[in-house]
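# Examining the three-dimensional arrangement
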Amino acid sequence: MKVQARIKNSTPVSRSGRFANGPGADVANFSESISFDWRLWRHDILGSIAHASMLHKIGLLKTTELKAIIRGLERISVEIEAGQFIWRPELEDVHMNIEAELTRRVSAGAKLHTGRSRNDQVALDMRLWVRDEVGQIQTELRALQRSLVDFGSRSEGVLIPGYTHLQRAQPVYFAHHLLAYVEMLDRDASRFRDGLNRLNVCPLGNGAIAGSTLPLDREFVARQLGFVDGRGRPLVTQNSMDGVSDRDFMIEFCATAALTAVHLSRLAEDVILWASSEFDFIRIADAYTTGSSLMPQKKNPDIAELTRGKSGRVIGNLMALLTLLKGLPMTYNRDLQEDKERVFDSADTIRACLRLTAAMLNHTTVNTTACRLAADDPQLLATDLVDYLVRKGVPFRKAHHVVGAAVALAEKLNLSLNELSPTDLKGLDRHFGADAGNIFNLDAAMKRRNIVGAPGTKQVRRQLVRWQKRLQ
Ligand code: ARG
């Protein structure tokens, strides 16, 4: 849902006295957060309705007052959604803007802030906002996992070299490589979920720092806003000073986002390599690439490059938050206003990267011929030749050495490893039989990799089926 923010130019709070216009506007512009925290409006209003309902329950608001407040807030909601609400920077933030406008329209609005401070209010709004965002990110994560599994299924049977040190190592199914990212993203999803356990606790009632002398029913508010455990019991913060100044949940969120961004960046790097002429393993659809303004032949993998690049800002946001917090004395300090943009940016960036990466992969095909050519490199099966000797009883270290010598011999004779004659091999170790050459049959080699987690034919099939089921 896109809501447009209409923000007026700041007008000075006071027009009289020596500093009438200049510094007044300057200070307002420096201190305002409405230009970004207007995004919290929905959660701010939800929180206010829950708080007002509680004030009514404990006898601090009359029924008519509660009704007027709720009606007023609902009307403001509609106006914000329609982009008609005018945000005023001189009122600093989303909390003051909404409350001031409500009070202008509804006299009972002046009672809304009873027993509440912007300090616990903003802590609440951000918890609600991040909680919703985690839900959205989970959906995007699953969609990308699905794209990876689909791509793996579309290219089932395609082999590529697996790389270590970016040097050819051993053959793997292309799908196996993609499924590695499905696993990473699954851990990211579980980290986001896990963060909810600590985030989903209601801070309202902590006031500015020291709670309230009024008999606020915190559990009632918590229940209204879904701050409950698995058995529906309300969860409220247990220390008012911690409650107003805790930003752990934002840091956890940004840390998980940063790790997800790193995973996406690694995937992007693989895509970029694969799309190069040197690898040529994949073709990205034109719509997900860009040309060069100078070189007519160019087709650049910009989506992947930007995803790789944007990981930098998501990591940066985490660093900014940690730095923001580290020297703050208890409790609320205005510095904390700086937390929101970092959290918003991490959420926006990670969601865009997830969505675009999925879309790009849905429009990418594998180049079977180039993959086959690369995977046919017999050196990829040198380790299989070692295993052959191991099966004949040769100690692994010895077998490794013998095959090393075979590789060197092939190089010297300018032959491929699989072109060494049985006599050449026998000359290196008596355990080599006439059947040694069979090792280089790639399809048979893939059937042999049949333990859990290995890229064997059966195993990869099993994993694809497992993920297809899990992601239904
Ligand atoms: N806009 C403020 C923030 O984001 C809200 C809390 C203001 N509290 C205060 N004591 N000035 O942090």
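The coordinates are above.
In this text, all values refer to a predicted model and were calculated from it rather than measured experimentally.

A few words on the pairing of strand β4 (residues 167-173). When strand β3 (residues 159-164) meets β4, the two strands line up antiparallel, connected through 6 bridges. Among the inter-strand pairings, tyrosine 163 is bridged to a residue of β4, identified as arginine 168. Once β3 ends, the chain turns through 2 residues before running back antiparallel as β4, passing histidine 165 with a positive phi of about 55°.

Right, let's get into the side chain of aspartate 125. Tracing the sequence through the fold places aspartate 125 in helix α6 (residues 118-154). An unpaired buried charge is present at aspartate 125: no salt bridge exists, and arginine 116, the closest side chain of opposite charge, is 6.8 Å distant. The contacts of aspartate 125, once residues within four sequence positions are left out, are Leu40, His43, Asp44 and His95.

Glancing now at the packing of helix α4 (residues 63-81) against helix α5 (residues 94-105). For the pair α4 and α5, interaxial distance at closest approach is 10 Å and the crossing angle is 120°. The angle between the axes of α4 and α5 places the two elements in the oblique class. Here the hand of the crossing between α4 and α5 comes out right-handed. Counted together, Ile69, Gly72, Leu73, Arg75, Ile76, Glu79 and Ile80 of α4 and Ile98, Glu101, Leu102 and Arg105 of α5 form the full contact between these two elements. For the contact of α4 with α5, a count of residues per class yields 6 nonpolar, 1 polar and 4 charged.

Moving on, we get to the site of the ligand. Close to the ligand lie Ser33, Asp37, Asp93, His95, Arg118, Asn119, Val122, Tyr332, Gln337 and Lys340, which account for all nearby residues. At a separation of 2.9 Å, a nitrogen atom of the ligand approaches a polar side-chain atom of asparagine 119. Between an oxygen atom of the ligand and a side-chain N or O atom of lysine 340, the distance comes to 2.7 Å. Protein burial of the ligand: of its 340 Å² of free accessible surface, 86% is covered by the chains. The element that contributes the greatest number of residues to the shell around the ligand is α6, accounting for 3 residues. Residues that form the shell around the ligand fall into these classes: 2 nonpolar, 4 polar and 4 charged.

Another aspect to go through is the packing of aromatic side chains. Within the structure shown, the criterion is met by 8 aromatic pairs. One aromatic cluster in this structure is built from Phe151, Phe174 and Trp274. Above the plane of the ring of phenylalanine 344 lies arginine 39, whose end atom (NZ or CZ) is 4.7 Å from the centre. The ring of phenylalanine 227 is capped by arginine 131, whose NZ or CZ atom sits 4.9 Å from the centre of that ring.

A separate point is the side chain of lysine 340. Mapped onto the elements, lysine 340 comes out in helix α12 (residues 339-362). For lysine 340, a relative accessible area of 4% translates into the label buried. Apart from the residues lying within four places of it in its own chain, the contact partners of lysine 340 are Phe36, Asp37, Leu40, Val122 and Met126.

The grouping of Val262, Ile315, Met319 and Leu322 at the surface amounts to a nonpolar patch, some 290 Å² of accessible area in total. Broken down by element, the residue count for the nonpolar patch peaks at 3 residues, all from helix α11 (residues 302-326). Summarising the element assignment, valine 262 is placed in helix α10 (residues 248-275). The partly exposed category is assigned to valine 262, whose relative accessible area is 31%.

Let us now look at the layout of surface pockets. By rolling a water-sized probe across the atoms, one finds the places where empty space is left. Volume-wise, the second largest pocket comes out at about 390 Å³. Every residue lining the second largest pocket is counted, 20 residues in all, and those nearest its centre are Gly162, Tyr163, His177, Tyr181 and Asp270. Looking at the lining of the second largest pocket, the elements with two or more residues in it are β3, β4, α7 (174-199) and α10. At 5 residues, α7 tops the list of elements feeding residues into the lining of the second largest pocket. Residues that form the lining of the second largest pocket fall into these classes: 13 nonpolar, 5 polar and 2 charged.

A cis geometry characterises the amide bond from methionine 330 onward to threonine 331, with omega recorded as 0°. Here threonine 331 shows up in the loop between α11 and α12. The backbone of histidine 165 sits at a positive phi, close to 55°, despite the residue not being glycine. In this fold, histidine 165 is placed in the loop between β3 and β4. In this structure, aspartate 280 is a non-glycine residue whose phi angle is positive, near 60°. We classify aspartate 280 as partly exposed; its relative accessible area is 23%.

What follows covers the packing of α6 against α10. Angle between the axes and distance between the axes are the two parameters that describe a pair of packed helices. For the pair α6 and α10, interaxial distance at closest approach is 11 Å and the crossing angle is 20°. In terms of orientation, α6 and α10 fall into the roughly parallel class. Considering the relative orientation of α6 and α10, their crossing is left-handed. Between α6, through Ala123, Met126, Arg127, Val130, Glu133, Val134, Ile137, Leu141, Leu144 and Leu148, and α10, the contact on the second element is made entirely by Phe249, Met250, Phe253, Thr260, Leu264 and Leu267.

Reading guide: rules and limits
- Residues numbered from 1 in each chain as written.
- Predicted model: local features only at pLDDT ≥ 70, side-chain atom pairs only at ≥ 80, totals over all residues.
- Heavy atoms only, no water.
- Pairing = 2+ DSSP bridges.
- Helix = DSSP H or I, 4+ residues; strand = E, 2+ residues; numbered from the N terminus.
- Buried < 20%, exposed > 50% of the residue type's maximum accessible area, 1.4 Å probe, protein only.
- Lys, Arg positive; Asp, Glu negative; His and termini not counted.
- Salt bridge = Lys/Arg side-chain N within 4 Å of Asp/Glu carboxyl O.
- Contact = heavy atoms within 4.5 Å.
- Axes fitted to C-alpha atoms, helices over the stretch in contact; angles between N-to-C directions.
- Parallel < 35°, antiparallel > 145°, perpendicular 65-115°, else oblique.
- Left-handed = near helix turned anticlockwise from the far one by under 90°.
- Nonpolar A, V, L, I, M, F, W, Y, C, P; charged D, E, K, R; others polar.
- Near = heavy atom within 4 Å.
- Polar contact = N/O pair within 3.5 Å; in protein donor to acceptor, adjacent residues only side chain to side chain.
- Areas by Shrake-Rupley, 256 points an atom, 1.4 Å probe, with all protein chains shown as cover.
- Phe/Tyr/Trp six-rings, centres within 6.5 Å; stacked < 30°, edge-to-face > 60°.
- Lys NZ or Arg CZ within 6 Å of the ring centre and 35° of its normal.
- Patch = residues over 30% accessible without salt bridge, like charges linked within 9 Å, V, L, I, M, F, W, Y side chains within 5 Å.
- 1 Å grid on protein atoms, 1.4 Å probe; cavity = no way out; pocket = protein on both sides within 12 Å on 5 of 7 lines; lining within 4 Å.
- Points joined across faces, edges and corners; volume = space filled by probe spheres on them.

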